[in-house]
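What follows is each chain in one-letter form.
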Amino acid sequence: MLGLICLGGLSGYFASDSIHRQNNAAMTEILSRQSSELNNMALLTGDIMESFAGERCVGELLEAAAAGTVPEDRRQEAMRLIAHMSKVCSTLDQIGILTPEGLVVAHITPASIGTKRSYFSPDGKAHVINTRSGTKREITAVFTVPVMRDGQVIGHVYATTPMKSLAARTIGSFHLYEHSVSGVYDARGTVLMHSDPARQGADDSGKSWVRDMLSKGSGFMTYADEEKQRHLLYFTSLPALGWTIMLDVPAAEAEEPLRTMLYIIAAASVLILLCCGSVIIWITRDMAGSIRDLTSFSSLVADG
């Protein structure tokens, strides 16, 4: 029986180890795929914006704006280029051209021409910022690239991508468990994207597990939520974007297959023990009966 108990314990240990390894492998694969999708999106958008910044009509429009006059034909040529970009790049929303001071000289929405934007980087480098749109108040990623002439910044081109639409194309496909979630945070702890759209824009900087996650950059950790429920958290940083992507799974759901397996092993062990006990009792009773018969026979022989 001791051997059976040891066998059941070893079976439970190896089953637990196997399930944990399979779960970790699945979560790591999903996290890697989503990280790749976001990084590829950023690289593709960066290439498109670099090409946009290098277009002749963009440079000529900005040079004319610096001289104080913007010929309408040059503006219209730039506007046609912007309209073409909007058609071929479905992920881009607002597209525009800025002077070094942030004045919009061309835009996908003509009414925005003449307004000001502060999206560009002060050091004149390509960059990505996260901001709230002025009308819908939704979190938006803004990609900005400087327009250079003779080593000098003569303006900037920019394009925005709403985080909700970006999330739908990337992290929104994560449904490994019923209550598992996926999200993207900026360095301050603001939710940029989330599998639950209602969570977008939330400030989670006050949560200790979010601070721990952002300080570590990449890895795995566990934490307890407000209801003391344990969660498994997988996360990795995206340095090019300044984001951290995470996968959050309730431990109870992730470990459900393990509990089921342990119940099966326990039930099987109990059944085997009962069977063995029954066999031992039967054999013992049979042996006792044989011994009684032998004793009776011996008594009769002794009595003559």
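The structure under discussion appears in the preceding block.
Note that the structure is predicted; figures quoted are calculated from it, not measured. Within any chain, residue numbers begin from 1 and follow the written order of that chain's sequence. Only residues with pLDDT of 70 or above have their local features reported here, since the model is predicted, and side-chain atom pairs are shown and tallied only from 80 upward, although totals for entire chains, interfaces and linings are computed over all residues. The side-chain values count all of the structure's non-hydrogen atoms but skip hydrogen atoms and water molecules.

(A) Geometry of unusual backbone geometry. Within the chain, Asp150 stands out as a residue other than glycine whose phi angle is a positive 55 degrees. Its identity as a non-glycine residue notwithstanding, Lys228 has a phi of 65 degrees, on the positive side. In this description a helix means any DSSP run of H or I spanning at least four residues, a strand means any run of E spanning at least two, and both kinds are numbered starting from the N terminus. Structurally, Lys228 is set in the loop between β8 (219–224) and β9 (230–238).

(B) Seen up close, the sheet that holds β8. Any two strands between which DSSP finds at least two bridges are classified as paired. Pairing within the open sheet is antiparallel, and its five strands lie in the order β7-β6-β10-β9-β8. At either end of the open sheet lies a strand with only one pairing partner, and these are β7 (191–194) and β8. Taking each pair of neighbouring strands and ignoring which way they run, the sheet shows an average axis angle of 25 degrees. Only the stretch in contact is used when a helix axis is fitted, and all axes are lines through C-alpha atoms; the angle between N-to-C directions ranges over 0 to 180 degrees.

(C) Representation of the nonpolar core within the structure. Among the buried residues, those of types Ala, Val, Leu, Ile, Met, Phe, Trp, Tyr and Cys that are joined through side-chain atoms within 4.5 Å form a nonpolar core. Exposure classes here rest on a 1.4 Å probe applied to the protein chains alone. A residue is buried below 20% of its type maximum, exposed above 50%, and partly exposed in between. Counting 48 residues, the largest nonpolar core has Leu38, Phe52, Val58, Ile97, Val157, Met193 and Trp243 as its most contacted members. The element that contributes the greatest number of residues to this core is helix α1 (residues 2–53), accounting for nine residues. With eleven residues, the next largest nonpolar core counts Tyr185, Trp209, Val210 and Phe235 among its residues.

(D) Region of the structure containing helix α3 (residues 72–88). In this analysis, the expected span of each helix is defined as 1.5 Å times one less than the number of residues it contains. Compared with the 24 Å implied by 1.5 Å per residue over 17 residues, the 24 Å span of α3 between its first and last C-alpha is a close match. Those residues of α3 lying buried are Arg75, Ala78, Met79, Leu81, Ile82 and Met85. One side of α3 carries all its buried residues, which in axial view fall inside an arc of 160 degrees. Exposed side chains of α3 directed beyond 90 degrees from the buried face belong to Asp73, Arg80, Lys87 and Val88. The arc in question is the one traced by the directions running from the helix axis out to the C-beta atoms.

(E) Highlighting the packing of aromatic side chains. Centres within 6.5 Å make a pair out of two Phe, Tyr or Trp rings, where for Trp the six-membered ring is used; the pair is then stacked when the planes are under 30 degrees apart, edge-to-face when over 60, and tilted otherwise. For the coordinates displayed, the defined rule picks out three aromatic pairs. A centroid spacing of 6.4 Å and a plane angle of 85 degrees characterise the contact between Tyr185 and Trp209, whose relative ring orientation is edge-to-face. Placement of Tyr185 in strand β6 (residues 181–186) and of Trp209 in helix α5 (residues 208–216) is noted, with a sequence separation of 24 residues between them. Take Tyr185 and Trp209: they sit in the same class, and that class is buried. A ring pair is formed by Phe220 and Tyr234, whose centres lie 4.7 Å apart and whose planes are at 45 degrees; its orientation type is tilted.

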